[in-house]
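Summary of the model geometry
Residues per chain are reported as follows:
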Amino acid sequence: MTDLSALTRSSYNLTEDSLIGELSTLRYVFNSRGIPEIIDGNMVLRGEDGDYTINGNNEIVDQILEMSGSQATIFQKIGDEAVRISTNVKDLKGERALGTIVSAPVYDAVINRGETFLGVADVVGTIYLTAYEKILDANNNIIGILFVGITGDALFEAMLPTISSMNFGETGHLHVFDLQGNPLLSQDRTADSPTVASETLEKMLFMKDLARDKPLSIAEPQLDQSFVSWFSYVDELEWILVAHVYPKEFLEPLKRVRSLLFYFLGTLVTLAIAVSFYVGRVVSHRAGELVSVTQQLGSGDLDAAEANIREIARATGTRDEFTFFANALREATHSLKERDGKLQANEKRLQGLVEELRQREIERDLQREKLQQQEREVVIARDKLEAIAAATNAGIFAIGQEGSVSYLSPRFTELFGYETLDLMDGVSWSMIAGNDNTSREALASVFRVSDQRAAEDAELPSNLEVAIKTKSNRLRNVLLTAKFSSETLVVTLSDISEQKVRQDHIQYLSQHDSLTGLPNRMLLGEKLDWHVKQTKRSNDSMCVAFLDLDGFKLINDSHGHEAGDFVLKETAKRLLSVTREIDTVARLGGDEFAIIMSQIKSRGECTVVFRRILETINSPISYAGESLQVSCSIGVAFYAQSETSDGEQLLRQADKSMYDAKIAGKNRYAIFDAEQDLSLQIKHEQLNFIEAALTNQEFELFYQPKVNIRTGVVLGAEALLRWRTPDGQIRDPDSFLPAVHETQLAKQLGAWVLTQALSDLNGLIRQDHTLQISINVFPEQFLDQNFVPSLVRQLDKFPNIKPSMIELEIVETEALNELEEASRVIRACADLGVHCALDDFGTGFSSLSHLKYLPVTTLKIDKSFVTDVLIDPDDAAIVEATMSLAHAFDRKVIAEGVETIEQGLRLLEMGCDIAQGYAIAKPMPLRSFLTWLAGWESPEEWARYTASVDDGKSPR
C-alpha cells in the first residue's frame, strides 16, 4: 500500500508539472493576440492587428486542446463570479460549458487573493487535475481567469493495469474512493459497483487523517462478513486507498492442517524461522528497489526508472505481488514517457508559433511603413486643399515655374483693377507694391521662387500684411499668403482695408482722450519711450512736464461738470498754442496734463515755455457770461539722467516735482534734481539685495579668453563677475557694482571673487590647463592694508597655483587717485610673483610719471578706443601711442573689446598681438570655457595675415 501511494503521488507530480507548462502555453497564445481589456461588457484583446473578442470565440482554447490534449477555459470576472466565456470543457450533456461559473475555492484563491491554483477540482461535475491563474488588464486589475486541466482518467489509465493485477489472494481486492465515499477505481472481484456502508465510510474518513502518515489495517465487518482492511490517504488527490482480504481465505488451510500441527510443530517452527529470514531479506530487498524506482519517478528520471523496473521483473521471474507491481510501474513509466514526448512535440510547435509571430511582426512593420507613406501623401493632398481653401473670396494669382503669371482670379481684378496683360512679369508687379519695404520685398520674394525645390528651401509669406496700389492709385491693405500646389505657386491677397480703417479708428479712440482729443496716458507712455530712445542716440536733451490745475475742483463744484469740461478743453487749446509742433501735449485724466518737449539744446529754452504756460493758463476763461480762472503747478524732469531708465520713471519724477511746486505755493514750476533724488535709502536697499545675493551664492564667474591673435595661442582668461538672479536672469556687473563702490561690501564681494577665481584656476590645473587668470579687484579691496596678507593666505590654500599664473586688474582712474598706496601694493604683489595690469588704460589722463610710479606688467587698452579704431583716426592714434608707450616701458599690451575680424587685423598691423573680445569669444561659464578651449581655432584672416608677414609679402 505504501508503494502504491508513492506511485500515485509521483504520477500526480508529473501531471502537475505538465499542467504548469500547458498553462504557460495558454498564457503565451492569449497574450500574443494583444492586451486584455473589458469593452462594452466583453473581454477584448487589443493588438496591432486590431481587436480580438474572446466571448464565444473558442479558437484559442481549441488550439491548446489540439496541441496538448488538455482542456482549457477563459473566464471573465462579472460581478462576484467568474463566468466561462470560451471553453472546450463539456457539461454532462456533452456540450461546451459556456456560461457556467468557476467553483468558490478557485474564485477565492485566484480573484480574491491573486494566487495561482493547482490541484484537484470539480469542473462541471467531473474531477480534474487543474491549474488556474489570473488575467490582468493594462492597469493590473484582475478581469478574468485562465484554466487548463486534465481529467482523473489520465492518471487512472496508468494505474488501472496495476490495480487490476494486484494480488491480495483469491478473494482480496482494492478500492479507490473519494472523500464522499464515491468509488473511483475498483478491483473487487465480487461487485461490479462497489459501495461502502455509511458506518464504514465514517470509519474511512476518520482513518484518513491517521493514514496520512502510514497505512492502517483493521478488521471491519461488512456485508455480514469480516475482512482485514488496509487504509492509505493520498493528500494531493484526496484519494483513500482501501485493500480488503477476507479472513477465511487464509484461515481455512490452517484448519486442514491443524491435526498435523502438533506432529510437525518443531519442524515447522524451524522451517518458519528459516523461511522468514529468507523471505524477509528478499522482500525487503525488492521493496527497497521499488522504493528507489518510485523516487526516480518522482524526480522525473523516467529512463532510469524504466531500466530498473525491467531489471526487477527479470530478477524475480515469478508472478507475485512484486512482479505485478513492477509491471504496473513499468506501464505507468511508459505512459509518462509518452506524455513527456508529447510535451516536447508541443514545445517544438510552440517554437514554430513564435517564429510565425515574428514573421507577422515583420509584416506589420512593412504595413506600418506603407501606412506612413500614405500619411505623407495625405499631408500633400491636404496642403493642396488648404491652398484652394485659402483662395476663397480673395484675390488670387498663380505663378508657374518660369516665373510668369499663369492665372488671375476675377476677384483680383475686382479688387485692384488689373488684368492679366497688365501684370505679365515681376517688374510690373513690383510697381504695384506699396511704398513700404515690407510690401515691396514680399511681392518680389514670391517671384524669386522659380521651381518647387527653391520653394522648399525658401520661407514663403503667410498672412503677411502688405499694401497694394490699385489701378486707380489707391492703396489697399491686404494679407498676403503664398503656398505651392503641385508645381504652381498660389498667392492669395485678402482685402482688409475696411477692417484696417475700423482698427485704426478703434486704436485712435483707445489712445486719445474723448473730451479734449489729446493723447491719453497710454499713448503718452509709448511716445515717452520713443523719445527716450531717440534722445539716447542723439546729443540733444528732452524733458517731461507734469501739470495740475489749481482751483479746478472749486469750478467743478460751483459751476457744474459742464463748466469743468469747458475749462479742460480750453486748457488743452492753450497748451497746444504755446508749445511747438514737435512737442506732445497729453491729458492724463482729471485736471492733470503732461507735455513732452524733445530736441532741447538748453534748459533755458524750456523755462521760457513754462513761464508762458503759467501765464496763459492763469488768464481768465469766459463761460456762459462768467469769468472763470485757474492756475497750474508744473513739475519738470529732464533727460538724459544717469539713473533714468525709461519714460515712466521720467514721468514719476515730473509728478514728484509738481507736488513740490504745489507745496511751494502753486502757480509755479519746479525742476526735478536727479542727483538729489538718489537718496541713501535707495542705495542702502540696493546694497541689501547684493549682500543677500552674496549670502545665497547667486554670484558666479564667467571667463573671457585672452588670445595671441598672431599665433592663435590661448594665453589665459579674465574672470568676470555675473549675478544669476533667482528667476534665472544674468545681470552684468554694470547693473549692480556702482552701488558697491566705496562700501564695506566691496571688500567682501572682492574677497569672494578672488577665492572663487583661485578655486577655478586650481581646477584647470588639475585638468592640465596652464593658463593665466586675470582677476578684477575693487579699489577698496586692493588698497586695504590687509590685502597682501590675505592674498598670501589664499595662495597657501592652493599650492598647485604658481603666483605668476595670477594677474590682478586695477582700474587706471582708481589707481591714480591713490597713486602712492597703489604703487606700494603693486610692488608687494610683484615680490610674491603676482602680476598686475592697468585696466581701461587711456581713460585716466595717463602720463609717463604714472607708468613710472605704477610698476604694472600689462596695459589694457580701453575698448572705447578699440571699437572705432577703423573709422576714427584719433582712436587709432591713441592705440598706436599706447603701443609705443608700452614698448618704451617694457609693458605688455592687451586690446579689450575686439568685436570684429577687421579690428583684429588692424591691431596686428599696429603691432598689438594680444586681444580679447567678442570676435574671439563672449564671457562664458567655466564649463563652457573648457568646451570652447578644446575647439578653439584662430580665424583664417588672422592666420593668413601672419603667414604673409612671415613670408615678406604684402598682407593686404
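What counts, and where the lines are drawn
Residues numbered from 1 in each chain as written. Predicted model: local features only at pLDDT ≥ 70, side-chain atom pairs only at ≥ 80, totals over all residues. Heavy atoms only, no water. Pairing = 2+ DSSP bridges. Helix = DSSP H or I, 4+ residues; strand = E, 2+ residues; numbered from the N terminus. Axes fitted to C-alpha atoms, helices over the stretch in contact; angles between N-to-C directions. Contact = heavy atoms within 4.5 Å. Core = buried A, V, L, I, M, F, W, Y, C linked by side-chain atoms within 4.5 Å. Buried < 20%, exposed > 50% of the residue type's maximum accessible area, 1.4 Å probe, protein only. Parallel < 35°, antiparallel > 145°, perpendicular 65-115°, else oblique. Nonpolar A, V, L, I, M, F, W, Y, C, P; charged D, E, K, R; others polar. Phe/Tyr/Trp six-rings, centres within 6.5 Å; stacked < 30°, edge-to-face > 60°. Lys NZ or Arg CZ within 6 Å of the ring centre and 35° of its normal. Salt bridge = Lys/Arg side-chain N within 4 Å of Asp/Glu carboxyl O. Arc of directions from axis to C-beta. pLDDT = per-residue confidence, 0-100. Disulfide = S-S within 2.5 Å.

Taken in spatial order, the five strands line up as β5-β4-β8-β7-β6 in an open sheet, and their pairing is antiparallel. At either margin of the open sheet sits one strand with a lone partner, and together these are β5 (81-87) and β6 (117-123). On average, adjacent strands in this sheet sit at an angle of 35° to one another, irrespective of strand direction. Its contacts with the sheet place helix α2 (residues 59-68) against β4 (71-78), β5 and β8 (142-151), and it is angled at close to 155° to β4. Against the sheet, helix α3 (residues 104-112) engages β4, β5, β6, β7 (126-136) and β8, with an angle of about 135° to β8.

This part covers the nonpolar core. In terms of nonpolar packing, the biggest core is built from 83 residues, with Phe787, Leu808 and Trp932 touching the most fellow members. For this core, the leading source of residues is helix α24 (residues 744-766), giving 10 residues. In this structure phenylalanine 787 touches Leu754, Val777, Gln781, Phe782, Leu808, Val825 and Cys829, once residues within four positions along its chain are discounted. One finds Val585, Phe610, Ile621 and Val630 within the second-largest nonpolar core, a separate group that totals 31 residues.

In the Ramachandran plot, asparagine 140 falls in the positive-phi region, its phi being about 60° despite a non-glycine side chain. Mapped onto the fold, asparagine 140 is located in the loop between β7 and β8.

On to the packing of helix α16 (residues 521-537) against helix α20 (residues 647-663), then. α20 packs onto α16 with a crossing angle of 110° between their chain directions and a minimal axis gap of 8 Å. Accordingly, the angle class assigned to the pair α16 and α20 is roughly perpendicular. Facing Arg521, Leu524, Leu528, Asp529 and Val532 of α16, the residues of α20 in contact are Gly647, Leu650 and Leu651. Split by residue class, the contact of α16 with α20 holds five nonpolar, one polar and two charged.

With that out of the way, let us pick up the sheet that holds strand β21 (residues 592-600). By way of backbone hydrogen bonds, the strands of a sheet pair with one another, either parallel or antiparallel. Reading across the sheet, the five strands line up as β20-β21-β19-β24-β25 and stay open at both edges, with mixed pairing between neighbours. What marks the edges here is a single partner per strand, and that holds for β20 (584-589) and β25 (669-671). On average, each strand axis in the sheet is tilted by 20° relative to the strand beside it, whichever way the strands run. Here five bridges tie β20 to β21, and the two strands are oriented antiparallel to one another. By the bridge assignment for β21, threonine 584 is matched with isoleucine 596. The sheet strands contacting helix α18 (residues 561-578) are β19 (541-550), β20 and β21, and the helix crosses β21 at an angle near 10°.

Structurally, proline 461 is set in the loop between α14 (452-457) and β16 (464-469). On the basis of relative accessible area, proline 461 is assigned to the buried category, the value being 11%. Separated by 20 residues in sequence, proline 461 and threonine 481 place their C-alpha atoms 5.5 Å apart. For proline 461, the contacting residues outside a window of four places in its chain are Ser445, Val446, Leu480, Thr481 and Ala482.

All chains considered together, the criterion is met by 14 aromatic pairs. A centroid spacing of 5.2 Å and a plane angle of 40° characterise the contact between phenylalanine 566 and tyrosine 623, whose relative ring orientation is tilted. Within this pair, whereas phenylalanine 566 is found in helix α18, its partner tyrosine 623 is found in strand β22 (residues 621-623), the two being separated by 57 residues in sequence. With relative accessibility at 22%, the residue tyrosine 623 sits in the partly exposed group. On the basis of an interplanar angle of 55° and a centroid distance of 5.4 Å, the ring pair of phenylalanine 782 and phenylalanine 787 is categorised as tilted. The two residues phenylalanine 782 and phenylalanine 787 agree in class, both being buried. Taken together, the ring pairs in this structure connect Phe75, Phe117, Tyr132 and Phe147 into an aromatic cluster. A cation over an aromatic ring shows up here: arginine 33 above the ring of tyrosine 52, its NZ or CZ 4.5 Å from the ring centre. Lying over the aromatic face of phenylalanine 638, arginine 603 brings its terminal NZ or CZ to 4.3 Å of the ring centre.

Attention now moves to the pattern of salt bridges. Pairs can form between side chains of opposite charge whenever their charged atoms are close. This structure, assessed with the given rule, holds 35 salt bridges. A salt bridge links arginine 113 to aspartate 108, with the shortest nitrogen-to-oxygen separation between them at 2.2 Å. Look at arginine 113 and you get partly exposed, because its relative accessible area is 46%. Judged by relative accessible area, aspartate 108 falls into the partly exposed class, the value being 33%. Note that glutamate 570 is salt-bridged to arginine 574, the shortest N-O span being 3.3 Å. Of this pair, glutamate 570 and arginine 574 both sit in helix α18, separated by four residues, roughly a single helical turn. With relative accessibility at 21%, the residue glutamate 570 sits in the partly exposed group. Taken together, the shared-partner salt bridges in this structure form one network comprising Glu48, Asp49, Glu361, Arg364, Asp365 and Arg368.

So, on to α2. Here α2 has its buried residues at Ile60, Val61, Ile64, Met67 and Ser68. One side of α2 carries all its buried residues, which in axial view fall inside an arc of 125°. Just past α2, the residue glycine 69 takes up positive phi, approximately 80°.

Our focus in this paragraph is the environment of asparagine 437. Within the secondary structure layout, asparagine 437 lies in helix α13 (residues 437-448). In this structure, the C-alpha to C-alpha distance between asparagine 437 and valine 466, residues 29 residues apart in sequence, is 9.4 Å.

Mean pLDDT over the protein stands at 80; residues scoring 70 or higher make up 73%. Here strand β11 (residues 216-222) stands out as the least confident element of the protein, with mean pLDDT 46; strand β26 (residues 699-708) is the most confident, with 96. Scored below 50 in pLDDT, residues 189-193 shows five contacts in the model against residues more than four places distant or in partner chains.

Now for the pairing of β6. One ladder, built from seven bridges, connects β6 with β7; its direction is antiparallel. Note that in β7 the partner of glycine 119 across the bridge is threonine 130.

Our next topic: the state of the cysteines. Scanning all chains against the criterion turns up zero disulfides. With no disulfide of its own, cysteine 543 lies 3.8 Å from the sulfur of cysteine 606, the closest cysteine sulfur. A relative accessible area of 0% places cysteine 543 in the buried class.

Let us now look at the pairing of strand β2 (residues 42-47). Summarising the sheet, strand β1 (residues 35-39) and β2 pair through five bridges and their orientation is antiparallel. Among the inter-strand pairings, proline 36 is bridged to a residue of β2, identified as leucine 45. If you look at the hairpin formed by β1 and β2, you'll find two residues sitting between the two strands, and aspartate 40 has a positive phi there, around 55°. Where β2 lies against strand β3 (residues 50-53), four bridges are found, and the strand directions are antiparallel. Its bridge partner being in β3, glycine 47 is matched across the sheet by glycine 50. Between β2 and β3, which pair antiparallel and follow one another directly, the connecting turn spans two residues.

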